[in-house]
Amino acid sequence: MTSNLFTPLHIRGTEFPNRAWMAPMCQYSADTSGPATGAPNDWHVQHYGSRAVGGTGLILVEATAVTAEGRISIGDLGIWNDDQVSAHRRLTDLMRAHGTVPGIQLAHAGRKATSDLEFNGGRALAADEGGWTPVAPSAVAFSESRPVPHALTRDEVEGIVDAFAAAAQRALDAGYEVVEIHGAHGYLLHEFLSPVSNRRDDEYGGSFENRTRLPVRIADAVRAVVGEAVPVFFRVSATDWIEPEGWTADETVRLAAVLREHGIDLLDVSSGGSVPRADIPSSPGYQVPFAARVRRETGLPTGAVGLITEARQAEKILADGEADAVFIGREMLREPYWARRAAAELGDEAYKPAQYGRS
Ligand code: FNR
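Just so you know, these numbers come straight off a predicted model, no measurement behind them. (Residues numbered from 1 in each chain as written. Predicted model: local features only at pLDDT ≥ 70, side-chain atom pairs only at ≥ 80, totals over all residues. Heavy atoms only, no water.)

### Here we look at the overall build of the chain
What the chain contains, in helices and strands, is 10 helices and 13 strands. On C-alpha atoms alone, the chain measures out to a radius of gyration of 19 Å, which is about the 21 Å that the 2.2 N^0.38 rule sets for 359 residues. With the C-alpha coordinates of the chain rotated into their principal frame, the extents come out at 60 × 45 × 40 Å. Buried positions account for 62% of the 359 residues belonging to the chain. (Helix = DSSP H or I, 4+ residues; strand = E, 2+ residues; numbered from the N terminus. Rg over C-alpha atoms; globule rule 2.2 N^0.38 Å. Buried < 20%, exposed > 50% of the residue type's maximum accessible area, 1.4 Å probe, protein only.)

Structure below.
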């Protein structure tokens, strides 16, 4: 039998061998200073290589900063200079060698930047600790313990578009075959989308059209760079979980329809992150209904994410037409061979390295 989970998916010029995909997850493990700042290293090779050997259909490498000031933490990956490209090449070569499609999430942390490493507490760093002044649509801090960001001028907004475009080019040069634009979790593009963080009165603030202008421009800019063959995904927070305040599920559906017109191939549907006070009802598959609604109402392919841990749960999401693929996050940190195990449970086949031939 062929399960839905192990049925290949074709998007533009790419064939994904299966629909069990790895969610982008920051490792906070790049050098924090010196020439290798932001470059993948042995940790990333081991970490992503093992999920590739594990049969994962697509690995979306963690949030990778398009500018140095766009890093969430000082240990984030980056792709803002050419020296970082060759280090990323090690990852893409390894993933491809094991049949995984290599993808990357391009990110700018906006007002949530300038943090210490997550596992050191993740607090905001001052300038004399290696921190910097973060940027955002408006000079509104995320919380009392976070710095007040610098509100981007219109010229600086142009610079953000250029930075995403340049990063997309470097991603191609590094061998990535999928580019995801990070528009979720309260980082820069989500900050433009959500009225809780966007108080602008120019063409980037106020109406739905204005708040979505920068993310849509970045979708256009990335598409112009990568050409017609490369899949481009967009990760969205479907709701700020403070409705009717904030960014809403209805707006996500509207945005999905617009992004579809602007060459986005799949919406990776997450939620939350724009305000600390949101009460998020986490339970198995809690974000799946948002992905299902986008897919049903706009026809845009979706990826479902969030507490998807079991093979049969993933299979049902796909069989019910709620999403086109599932992103597995924390469960893939626990089990690098999640895809192989899922295939066995579903009576299907996943990639197996020759060395494991008798298993
Ligand atoms: C994340 N998540 C995340 N999301 C994202 O868009 N970019 C990122 O770089 C990260 N980084 C990250 C690091 C770690 C350690 C975790 C646990 C999570 C969120 C992640 O992609 C996913 O959406 C959530 O973890 C929910 O899915 P699971 O873990 O319930 O499968």
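Now that the structure is up, let's keep going.
### Remarks on the nonpolar core
In terms of nonpolar packing, the biggest core is built from 81 residues, with L5 and I181 touching the most fellow members. The biggest single contributor to this core is helix α3 (residues 154-173), with 9 residues. One finds L9, I11, V178 and L266 within the second-largest nonpolar core, a separate group that totals 14 residues. (Core = buried A, V, L, I, M, F, W, Y, C linked by side-chain atoms within 4.5 Å.)

### Some points on the site of the ligand
Around the ligand, the structure places 14 residues, and the nearest of them are P24, C26, Q105, L307 and R330. Between the ligand and the protein, one listed contact pairs an oxygen atom with a backbone N or O atom of G329 at 2.9 Å. Contact between the ligand and R330: an oxygen atom at 2.6 Å from a side-chain N or O atom of the residue. Relative to its unbound accessible surface of 600 Å², the ligand loses 82% to contact with the protein. Its residues assigned to classes, the shell around the ligand shows 7 nonpolar, 5 polar and 2 charged. (Near = heavy atom within 4 Å. Polar contact = N/O pair within 3.5 Å; in protein donor to acceptor, adjacent residues only side chain to side chain. Areas by Shrake-Rupley, 256 points an atom, 1.4 Å probe, with all protein chains shown as cover. Nonpolar A, V, L, I, M, F, W, Y, C, P; charged D, E, K, R; others polar.)

### Looking at the pattern of salt bridges
One pass over the structure, following the stated rule, counts 24 salt bridges. With its nearest N and O atoms 3.2 Å apart, the salt bridge here joins D42 to R90. Here D42, found in helix α1 (residues 42-53), pairs with R90, found in helix α2 (residues 82-97); they are 48 residues apart in sequence, far enough to count as distant. In this structure R90 comes out as partly exposed when scored by relative accessible area, which is 42%. Two residues, R334 and E331, come together in a salt bridge whose shortest N-O distance is 2.5 Å. (Salt bridge = Lys/Arg side-chain N within 4 Å of Asp/Glu carboxyl O.)

### Notes on the side chain of H108
Looking at the secondary structure, you find H108 in the loop between β6 (101-107) and β7 (135-136). Classification of H108 as buried rests on a relative accessible area of 1%. Within the structure, the side chain of H108 is placed 2.9 Å from the backbone nitrogen of G110, a separation counted as a polar contact. Setting aside chain neighbours within four positions, we find H108 in contact with V66, T67, E69, G70, V135, I160, F164, Y187 and L188. (Contact = heavy atoms within 4.5 Å.)

### Observations concerning the packing of α1 against α2
For any two helices packed against each other, the geometry is given by the interaxial angle and the distance between the axes. Contact pair α1 / α2: the axes reach a minimum separation of 9 Å and the direction vectors enclose 20°. On the basis of their axis angle, the class for α1 and α2 is roughly parallel. Note on packing geometry: the crossing formed by α1 with α2 is right-handed. Facing α1, whose interface residues are D42, H44, V45, Y48, G49 and A52, α2 presents R90, L91, L94 and M95. (Axes fitted to C-alpha atoms, helices over the stretch in contact; angles between N-to-C directions. Parallel < 35°, antiparallel > 145°, perpendicular 65-115°, else oblique. Left-handed = near helix turned anticlockwise from the far one by under 90°.)

### Quick notes on the pairing of strand β10 (residues 232-237)
Of all 6 residues in β10, 6 are buried, a share of seventy percent or more. Of the two faces of β10, the one carrying V232, F234 and V236 and the one carrying F233, R235 and S237 are both buried. Where strand β9 (residues 178-183) meets β10, 5 bridges bridge the pair, whose relative direction is parallel. Bridge pairing in β10 places H182 opposite R235. When β10 meets strand β11 (residues 266-270), the two strands line up parallel, connected through 5 bridges. In the strand pairing of β11, R235 is matched with D268. Between β10 and its parallel partner β11, the chain crosses via helix α6 (residues 249-261), and the hand of that crossover is right-handed. (Pairing = 2+ DSSP bridges. Right-handed = clockwise from strand over helix to strand, strands pointing away.)

### A few points about the pairing of β9
In terms of burial, β9 is a largely internal element, 6 of the 6 residues being buried. Burial along β9 is two-sided: V178, E180 and H182 facing one way and V179, I181 and G183 facing the other are all buried. As paired elements, β6 and β9 share 4 bridges and run parallel to each other. Counted as the bridge partner of L106 is I181 from β9.

### Points about the UniProt feature "domain: NADH:flavin oxidoreductase/NADH oxidase N-terminal" (unreviewed entry) in the chain
Mapped onto this structure's residue numbering, the UniProt feature "domain: NADH:flavin oxidoreductase/NADH oxidase N-terminal" (unreviewed entry) falls at residues 4-348. The distance separating the terminal C-alpha atoms of residues 4-348 is 10 Å; by composition the span is 34% helix and 16% strand. (UniProt positions renumbered as here; feature names shortened; annotations may be inferred.)

### Concerning the environment of V135
Within the secondary structure layout, V135 lies in strand β7. Looking at V135, the relative accessible area reads 5%, which means it is buried. A sequence separation of 66 residues divides V135 from E69, and the C-alpha atoms of the two residues are 8.0 Å apart. In this view, V135 contacts E69, H108, G110, R111, P149, H150, L152, L188 and E191; residues no more than four positions away in its chain are not counted.

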